[in-house]
Amino acid sequence: MTDSLDIARRLDRLPWSRWHWRVVLALGVAWVLDGLEVTLVGSVGAVLERPDTLGLSAVQVGWSGSLYLAGAIVGALVFGRMSDRLGRKRLFLATLAIYAVATLATAFSTDFTFFALCRFITGLGIGGEYAAINSAIDELVPARVRGRVNLAINGSFWIGAALGAASSLLLLHPDVLGPVEGWRVGFAMGALLAVGMVLVRRHVPESPRWLLRHGRVEEASRILDAIEAEVVAQHGPLPPLPAVAPKDRREQRPVPTMREVLHVLLRRYRVRSGVALSLMLAQAFFYNAIFFSYALVLTRFYGVADHRVALYIFPFALGNVLGPLLLGPLFDRVGRRRMIALTYGLAGVGLAATGVAFVADVLDARSQALCWSAVFFFASAAASSAYLTVSEVFPLEMRAMAIAIFYAVGTGAGGFAAPLLFGWLVESADRGNVAIGYGVGAVLVIVAGLLALRFGVDAERKPLEDIAPSS
């Protein structure tokens, strides 16, 4: 008889292979696309205010960003629920297709209404991606490397950010395409990349863990047999499976109702939920506070020209990419709780120190960017670990929905509050006021890290079924 722990141990014993690389590259592109979208829109915001483009007002540019974020929240909740019910593969194909169509349509916008609608629908696709992809990756990647892989994939957002900054600098340059046509080509390029990834994702299988939970035992076994055959062809015979005790066997369960999901989150795992919520809220506020005021601080306090702001994205993106890549292995070796506390704590201390230097006016634009890059070396690993925590500490049958709920709450609260607060603080033209905002962000992440250290789960190198058994 095949059961959930047979499946889990067969997946977890696999050596890293070309098959795993294909899965990671095919699914991890979701964060690259999100980074590309966010940075591209930020870079072309001023261009879209020109009368020979869309002629938007500054308020309308702001609304388009808010609608994208609102779409992501709605998409996470709607498609997260559908991912638990219909499967990971159906949803990670559908959400990427929605993103591709909406982004391509954005390139053909003629007025604010159509542009805003396209941004909302694009957000729907990206939000759905977060829930479906995080679930699929955790369920397909061996437990011993789940932490580093998850962190590296979440950190790839900043590869997309760098691509967005580079493409805007190139496409908007008057000697290339110029502002009138360049912004349209930028969105079209994102759509083409997404279409290519849809074709690649067709070859990523459904999660055998999800199939088994829904009673599709033969299909789960067939998929796993094919995966093992490919890995064996590359690495040779696999080690034997450890024995599974009869008490560990799991029966098929239907998708839980929303009432059951909330019972698990608020009653059965209320401490885990509290830790997850604090991590998500803190990182969302921290990131949105800095990233959405990045250009304002450079232009208002350091006199950086608008068209040169994108250049300062590159060191910022580099720190964000290297953090998860270099620190990720420690989350599997040293442990989740210690590393979450360390990265959240160092990010908070670093931001507080940067705030002090900012008030003292001892930084210029370049050194300010380098300070942010150093701070977000740790903050990027910390933020990625929040998504890792949410994706692995709740039962399989509600995993995607749990990811969606915490993403929606964290993004909704931090994503809306932080840009508004820092926009007001920067507008005051007072360095002290801006530093107070940095201090708030620092305190939030330090407190969240301490909560994780005290109440977090030691999930490193453990099968998902052992971390959060189904009831």
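Residue positions are given per chain, counted from 1 along the sequence in the order it is written. Under the rules for a predicted model, residues below a pLDDT of 70 receive no local features and side-chain atom pairs below 80 are neither given nor counted, while totals for whole chains, interfaces and linings still include all residues. Working from all heavy atoms in the structure, the side-chain values ignore hydrogens and water.

Q: I would appreciate a short explanation of the overall build of the protein in the present structure.
A: Every helix listed is a DSSP run of H or I at least four residues long, and every strand listed is a run of E at least two residues long, numbered separately from the N terminus. Broken down by element type, the protein carries 19 helices and zero strands. The dimensions of the protein, computed from C-alpha atoms along their principal axes, are 70 × 45 × 45 Å. Taking all 471 residues of the protein together, 59% fall into the buried category. Working rule for contacts: check all heavy atoms of both residues, and any pair within 4.5 Å makes them a contact. A sequence separation of at least 24 residues applies to 86% of the contacts in the protein between residues at least 6 apart. Working definition of accessibility: Shrake-Rupley area with a 1.4 Å probe, residue cover restricted to the visible protein chains. For the protein, the computed accessible surface area is about 18600 Å², with 67% contributed by carbon and sulfur atoms. In this tally, Asp and Glu contribute negative charge and Lys and Arg positive charge; neither His nor the terminal groups of the chain are included. For charged residues, the charge sits on one atom: NZ in Lys, CZ in Arg, CG in Asp, CD in Glu. Here the protein contributes 43 positively and 35 negatively charged side chains, and the mean placements of these two sets differ by 6 Å. A simple rule labels every residue: compare its accessible area, found with a 1.4 Å probe on the protein chains alone, to the largest value its type can have, and call it buried under 20%, exposed over 50%, or partly exposed in between.

Q: What am I meant to see in the environment of alanine 165 here?
A: Locating alanine 165 in the fold gives a position in helix H7 (residues 157–171). Taking the C-alpha atoms as reference points, alanine 165 and leucine 40, separated by 125 residues in sequence, lie 6.5 Å from one another. Apart from residues no more than four positions distant in its own chain, alanine 165 is found in contact with Thr39, Ser43, Ala310, Ile313 and Phe314.

Q: Please clarify how the packing of helix H4 (residues 88–106) against helix H5 (residues 112–140) should be interpreted in this entry.
A: Each pair of packed helices can be described by the angle between their axes along with the distance between the axes. The geometry of H4 relative to H5 is characterised by a closest axis approach of 8 Å and an angle of 155 degrees between their N-to-C directions. One element, H4, and the other, H5, form an angle in the roughly antiparallel class. Crossing handedness for the pair H4 and H5: left-handed. For the contact of H4 with H5, the residue count by class is 15 nonpolar, seven polar and four charged. Note on definitions: angles span 0 to 180 degrees between N-to-C directions of axes, and those axes are lines fitted to C-alpha atoms, for helices only across the stretch in contact. Just so you know how the angles are binned, under 35 degrees is roughly parallel, over 145 roughly antiparallel, 65 to 115 roughly perpendicular, and the rest oblique. What makes a crossing left-handed is the near helix being turned counterclockwise from the far one by less than a right angle; a clockwise turn instead makes it right-handed. Gly falls in the polar group here, along with every residue not listed as nonpolar (Ala, Val, Leu, Ile, Met, Phe, Trp, Tyr, Cys, Pro) or charged (Asp, Glu, Lys, Arg).

Q: In this structure, what is going on with helix H14 (residues 313–333)? I would like to understand it.
A: Turn by turn, an α-helix covers 3.6 residues, leaving residues three or four places apart pointing in a common direction. Helix span, as expected, comes to 1.5 Å for every residue beyond the first. The terminal C-alpha atoms of H14 lie 31 Å apart, and with 21 residues this matches the ideal 30 Å at 1.5 Å per residue to within 8%. Of all the bends in H14, the greatest, near 35 degrees, is centred on leucine 327, and the proline proline 329 appears no more than four residues after it. At any given residue, the bend is defined as the angle formed between two axes, one fitted to the seven residues that end at that position and one fitted to the seven that begin there.

Q: I'm lost on the layout of surface pockets in this one. Help?
A: Sizing a probe to match a water molecule and rolling it over the atoms shows the empty space that remains. With a 1 Å grid laid over protein atoms only, a set of points is called a cavity when a 1.4 Å probe fits there but cannot get out and a pocket when it is open yet has protein on both sides within 12 Å along at least five of seven lines; lining residues have an atom within 4 Å of a point. Grid points are joined across faces, edges and corners, and a volume is the space filled by probe spheres set on the points. By volume, the second largest pocket amounts to about 400 Å³. Along the wall of the second largest pocket there are 19 residues; nearest its centre are Trp21, Val24, Ala152, Ile153 and Leu325.

Q: So what exactly am I meant to see when it comes to the side chain of serine 391 here?
A: Mapped onto the fold, serine 391 is located in helix H16 (residues 365–392). Take serine 391: its relative accessible area is 0%, and that puts it in the buried class. Residue contacts for serine 391: discarding those within four places in its chain leaves Asn134, Asp138, Asn150, Arg399 and Ile403.

Q: Could you clarify how one ought to interpret the nonpolar core in this entry?
A: Most often, soluble globular proteins keep nonpolar side chains buried together rather than apart. For our purposes a nonpolar core is just a set of buried Ala, Val, Leu, Ile, Met, Phe, Trp, Tyr and Cys residues, chained together by side-chain atoms within 4.5 Å. If you look at the biggest cluster of nonpolar residues, it comprises 130 residues, and the most contacted ones within it are Trp158, Leu298, Tyr302, Tyr344, Trp372, Phe376 and Tyr438. Considering every element that reaches this core, the biggest residue donor is H16, with 14 residues. In this view, phenylalanine 376 contacts Phe286, Tyr287, Ile290, Phe316, Gly319 and Asn320; residues no more than four positions away in its chain are not counted. Ranked by size, the runner-up nonpolar core spans 13 residues in total, among them Leu40, Leu48, Val61 and Trp183.

Q: Please explain the side chain of arginine 146 as it appears in this structure.
A: Tracing the backbone through its elements, the reader meets arginine 146 in helix H6 (residues 146–155). Beyond its immediate chain neighbours, meaning those up to four positions away, arginine 146 contacts Asp138, Val141, Asp332, Arg336, Leu388, Glu392, Ala459, Lys462, Leu464 and Ile467.

Q: Sorry, what's going on with empty space enclosed by the protein here?
A: The full count for this structure, using the stated rule, is two cavities of 30 Å³ or more. For the largest cavity, the calculated volume is near 90 Å³. For the largest cavity, the lining is made up of 14 residues, of which Ile340, Thr389, Val393, Gly456 and Val457 are closest to its centre. Within the residue set of the lining of the largest cavity, elements represented by two or more residues are helix H12 (270–291), helix H15 (336–359), H16 and helix H18 (431–455). Across the lining of the largest cavity, the residue classes tally to eight nonpolar, two polar and four charged. Estimates place the volume of the second largest cavity at around 30 Å³. Lining of the second largest cavity is provided by Gln283, Phe286, Tyr287, Tyr344, Ala347, Ala379, Ala382, Ala383 and Val445. Elements supplying a minimum of two residues to the lining of the second largest cavity: H12, H15 and H16. Class assignment for the residues of the lining of the second largest cavity results in eight nonpolar, one polar and no charged.

Q: It is not clear to me how a nonpolar patch on the surface should be interpreted in this structure. Could you clarify?
A: For patch detection, residues must exceed 30% relative accessible area and be free of salt bridges, and they are connected within 9 Å for like charges or within 5 Å for nonpolar side chains (Val, Leu, Ile, Met, Phe, Trp, Tyr). Just to be clear on terms, a salt bridge is a Lys or Arg side-chain nitrogen sitting within 4 Å of an Asp or Glu carboxyl oxygen. There is a patch of nonpolar side chains on the surface, built from Val74, Leu77, Val78, Met82 and Leu86 and spanning about 340 Å² of accessible area. Tracing the backbone shows valine 78 in helix H3 (residues 58–86).

Q: What is the right way to look at the packing of helix H2 (residues 18–44) against H4 in this model?
A: With their axes 11 Å apart at the nearest point, H2 and H4 run at an angle of 25 degrees to one another. Considered as vectors, H2 and H4 are oriented roughly parallel to each other. You can see that H2 and H4 cross each other, and the crossing is left-handed. For the pair formed by H2 and H4, the contact residues are Leu27, Leu33 and Glu37 on the first element and Phe92, Leu96, Tyr99 and Thr103 on the second. The class makeup of the residues in the contact of H2 with H4 is five nonpolar, one polar and one charged.

Q: Explanation requested: the packing of aromatic side chains in the structure shown.
A: The geometry of two aromatic rings is summed up by the distance between their centres and the angle between their planes. To pair, rings of Phe, Tyr and Trp, with the six-membered ring standing in for Trp, must have centres within 6.5 Å; the planes then decide the type, stacked if under 30 degrees apart, edge-to-face if over 60, and tilted in the middle. One pass over the structure, following the stated rule, counts 20 aromatic pairs. Of the aromatic side chains, those joined through ring pairs into one cluster are Phe157, Trp158, Phe286, Tyr287, Phe316 and Phe376. Lysine and arginine charges are scored as sitting over a ring when NZ or CZ, respectively, is within 6 Å of the ring centre and within 35 degrees of the ring normal. The ring of phenylalanine 358 carries arginine 431 above its face, with NZ or CZ at 4.7 Å from the centroid.

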